[in-house]
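# Fold and geometry: a report
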Amino acid sequence: MGIVLDKLPGVCGVLPGGAGVLAASDEVVNWARKRSVWPVTFGLACCAIEMMAAYAARFDTDRLGIFPRPSPRQADLLIIAGTVVKKMAEPIVQIFHQMPEPRWVLSLGSCSNCGGPYYDSYSVVKGVDKIIPVDVYVAGCPPRPEALIYGILELQKKIEKMSLARGAGATAQIETGPRRYD
Ligand code: SF4
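Let us look at the structure shown here. Nothing here was measured: the structure is a model prediction, and the numbers come from that model.

### A word on unusual backbone geometry
In this chain, E101 is followed by P102 through a cis amide linkage whose omega measures -5°. Along the chain, the position of P102 falls in the loop between α4 (86–98) and β2 (104–108). The step from C141 to P142 runs through a cis peptide bond, and the omega angle for that step is -5°. Locating P142 in the fold gives a position in the loop between β3 (136–138) and α6 (145–160). Despite not being glycine, D60 shows a phi value in the positive range, around 55°. Positionally, D60 belongs in the loop between α3 (47–55) and β1 (77–81). Using a relative accessible area of 28% as the deciding quantity, one classes D60 as partly exposed.

### So, the packing of helix α2 (residues 18–34) against α6
If you want to describe how two helices pack, look at the angle between their axes and the distance between the axes. Running from N to C, α2 and α6 point in directions that differ by 165°, and their axes come no closer than 9 Å. In terms of axis orientation, α2 runs roughly antiparallel to α6. In this structure, the crossing between α2 and α6 has a hand that is right-handed. Note on element contacts: α6 touches α2 through Q156, I159 and E160, opposite N30, R33 and K34. Split into classes, the residues belonging to the contact of α2 with α6 amount to 1 nonpolar, 2 polar and 3 charged.

Thresholds applied
Residues numbered from 1 in each chain as written. Predicted model: local features only at pLDDT ≥ 70, side-chain atom pairs only at ≥ 80, totals over all residues. Heavy atoms only, no water. Helix = DSSP H or I, 4+ residues; strand = E, 2+ residues; numbered from the N terminus. Buried < 20%, exposed > 50% of the residue type's maximum accessible area, 1.4 Å probe, protein only. Axes fitted to C-alpha atoms, helices over the stretch in contact; angles between N-to-C directions. Parallel < 35°, antiparallel > 145°, perpendicular 65-115°, else oblique. Left-handed = near helix turned anticlockwise from the far one by under 90°. Contact = heavy atoms within 4.5 Å. Nonpolar A, V, L, I, M, F, W, Y, C, P; charged D, E, K, R; others polar.

That's the geometry; what it means functionally is another story.
In structure tokens, the structure reads:
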């Protein structure tokens with residue numbers, strides 16, 4: 001399917017009426033993607049407890065199509081929930097690379113946004129965006145489950161703006177910066 005999506009803009013470019021087909025494809029693909037954001041089950045510190053609460057019965061993210069998956073191969077959202085110590089930087093990059101495109105990253109809480117209360121520590125990465133591109137930042141220490149859900153809804157708004165013509169197929173994005181949505 002990824003190869004089809006990658007080739008579609010080129011094929012539509014030479015066909016009469018191709019622009020309409022491409023626009024309709026964007027709408028269908030983006031609708032499917034935003035309604036099935038599957039995060040990988042991965043947590044680092046206290047913020048991960050809030051993330052687990054969001055998945056559990058009271059907040060129940062399943063109703064939004066958000067199903068945590070046990071493998072990065074099956075997931076398209078990496079939630080960085082907790083303090084990113086330098087020792088964990090390499091495994092985080094590895095998990096990110098194991099996820100298929102399109103993949104998104106949500107930074108949950110002050111620690112992963114900028115180092116949080118441990119900003120001065122010798123062992124803490126001062127923001128996960130130093131090692132992987134981040135699509136959405138959620139503030140707080142810790143952010144409540146509602147804040148995480150709000151962050152995912154914001155991500156869904158960004159997904160709505162993705163376009164196959166701008167490389168939203170299955171080809172890996174440039175990994176040194178955030179994904180383009182404009
Ligand atoms: S932001 Fe606060 S709650 Fe979240 S991991 Fe850091 S110290 Fe813990």
